[in-house]
Amino acid sequence: MKSAVETLNPTRVRLTVEVPFEELKDSLDAAYKKINQQVTVKGFRKGKIPARVIDQRFGRGAVLEEAVNDALPKFYTDAVNEAELNPLGQPEVDITELKDGETLNFTAEVDIRPSIEIPDYSGIEVEVDAVEVTDEDVEKSVEQLRERFASTSPVERAAAEGDVLTIDLQAKVDGEVLEDGVADGVSYTIGSGELLDGIDDAVKGLEAGGEATFTSELKGGSAAGKEAEVTVKVTQVAARELPELDDDFAQLASEFDTLEELQADSRKRLANMKQYDQATQAQERVLDKLLELVEVPVPEKLLEDEINTRKHNLEHHQLGQMGLDLEKYLELQGKTAEEFETETREAAVKGIKTQFVLDELVKQEKHNVSQEELTEHLMRRAASSGMSPDQFAQAVVEQGQVPLLVGEVARGKALASVVEKATVKDTNGEVVDLDDEEDEETEAAEAPAAEAADAEKADDKAEEKTEG
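Residues numbered from 1 in each chain as written. Predicted model: local features only at pLDDT ≥ 70, side-chain atom pairs only at ≥ 80, totals over all residues. Heavy atoms only, no water.

Undergrad: What am I meant to see in the nonpolar core here?
TA: Nonpolar side chains in soluble globular proteins tend to end up buried together. Counting 34 residues, the largest nonpolar core has I124, L290, V357 and L361 as the members making the most contacts within it. Those elements that provide at least two residues to this core are β5 (125–128), α7 (259–293), α8 (300–322), α10 (337–365) and α13 (402–421). Considering each element in turn, this core owes the most residues, 7 residues, to α10. Apart from residues no more than four positions distant in its own chain, L290 is found in contact with Y121, I124, V357, L361 and V418. (Core = buried A, V, L, I, M, F, W, Y, C linked by side-chain atoms within 4.5 Å. Buried < 20%, exposed > 50% of the residue type's maximum accessible area, 1.4 Å probe, protein only. Helix = DSSP H or I, 4+ residues; strand = E, 2+ residues; numbered from the N terminus. Contact = heavy atoms within 4.5 Å.)

Structure follows, in structure tokens:
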């Protein structure tokens, strides 16, 4: 076999491959054997039909087609390895010449990982928010905890903001009561925004036994997105009572004996959260600066696949769980379809560039992933997915995604090393020592690495099609 490589652009090549016919022998034998198992010819036992008979009855062309289809993936892979290419996705193969008994010639165009040069990045400087916890922040945190321990008691008066109502609902569309449009004994807090638009105005001022009708767009169910006439009946009005902010509350709501201790703990937790946010912000801004320093060509086919993947995940997974379609989502976000397309493309470009640059850093700086690091990352991913570590690990193994997780950790380590060499200052002009926030920085650095892995998943799927 002979092969040659022609560079079409920085991210695409054309392989020209010439295969002597004798190298097709194994595939020809396999083709005859396969056809033998699929056909019957009178006078011959199944599987024992001579090759010349198969040629006469079914045509030599059918055998050659089967043999070539069997052999192409191997010859393509050999040519890729010989040229030391890093292909992305599925090649476009064109058989240019097939002479029985003489030669098989074909071309294969495929996207490749571009060659990337990483410049000196030690001079990167970024600014992040300062870690400041105010008395107001602490007060708000404790107040949220207080809300969780609120009690309710029925009252004989008109419903007002913040009251907890027990209500019955009935929804009609075009004058017909929906099968799934009736609900009794629903608990609703006025002002929570948890049910239907317009319900707050309808129930305010009603006492137990009161009833009102309003029009609202249904958010879910069989008539989601349609305008409905909704009748709401209040069966009970209850006032919310918050516990006193004192030592008794601290003992009720926490492991602390005094309110002062509870407030101190809230301040500490808020500081830790803001330190994590600060580490995440540093990582994101250092990454942006790094990407500005590196010229990264993006394969157009890979980009289109990544855009389609992001759209599919949004429409069929995230929005589907929320009972929304894309049109309604854009309306709630206040975005046009054009703005959405632009933002999706920009995010996809950044994801692909991030993957390429961090992978190159992993290779250059020889970042290895230990079993302990992989396990820790798996535990974090399991927690964010809502699965147990064992369930998540089993799913990862069954889907063959262990290399993807290894890649995420390696990229996270590569980005963390860039952040370590950068100068990070807060908005007060103080240098931020992220060494004190090592765990937060490492976890934060793995986030863009995980996002970049989406493009790698698209590549893997395309390559599986090629190999199949």
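Undergrad: Would you explain the pattern of salt bridges in this entry?
TA: Should the charged atoms of two oppositely charged side chains come close, the side chains can pair. Taken as a whole and judged by the stated rule, the model has 32 salt bridges. Of the charged contacts, one joins K34 and E66 as a salt bridge, the two residues approaching to 3.1 Å between their closest N and O atoms. Highlighted residues: K34 in helix α1 (residues 25–38) and E66 in helix α3 (residues 60–83), separated in sequence by 32 residues. On the basis of relative accessibility, which here comes to 26%, the residue E66 falls in the partly exposed class. Between R381 and E408 there is a salt bridge, with its nearest N and O atoms 2.5 Å apart. Here R381, found in helix α11 (residues 371–385), pairs with E408, found in helix α13; they are 27 residues apart in sequence, far enough to count as distant. Its relative accessible area of 23% is what places R381 among the partly exposed residues. Look at the salt bridges and you will find they share partners, linking E6, R12, R14, E92, E109 and D111 into a network. (Salt bridge = Lys/Arg side-chain N within 4 Å of Asp/Glu carboxyl O.)

Undergrad: How do you make sense of the sheet that holds strand β4 (residues 103–112) when you look at a structure like this?
TA: The pairing of strands in a sheet comes from backbone hydrogen bonds and takes either a parallel or an antiparallel form. What the 4 strands build is an open sheet, ordered β1-β2-β4-β3; its pairing is antiparallel. Each edge of the open sheet carries a strand with a single partner, namely β1 (2–9) and β3 (87–99). Within this sheet the neighbouring strands show an average axis-to-axis angle of 20 degrees, counted without direction. By the bridge criterion, 9 bridges tie β3 to β4 in an arrangement that is antiparallel. Residue L88 lies in a different strand from β4, and its bridge partner there is D111. (Pairing = 2+ DSSP bridges. Axes fitted to C-alpha atoms, helices over the stretch in contact; angles between N-to-C directions.)

Undergrad: How do you make sense of the confidence of the model for the protein when you look at a structure like this?
TA: As a general rule, the predicted coordinates of low-pLDDT regions are not to be interpreted in detail. Predicted confidence across the protein gives a mean pLDDT of 89, with 93% of residues reaching 70 or more. The low-confidence segment residues 460–468 (pLDDT under 50) makes 12 contacts with residues lying over four places distant or belonging to another chain. (pLDDT = per-residue confidence, 0-100.)

Undergrad: Looking at this structure, I do not really get the UniProt feature "domain: PPIase FKBP-type" (unreviewed entry) in the protein. What am I missing?
TA: According to UniProt, the feature "domain: PPIase FKBP-type" (unreviewed entry) maps to residues 162–215 in the numbering used here. A distance of 22 Å separates the end C-alpha atoms of residues 162–215, which is 9% helix and 54% strand. (UniProt positions renumbered as here; feature names shortened; annotations may be inferred.)

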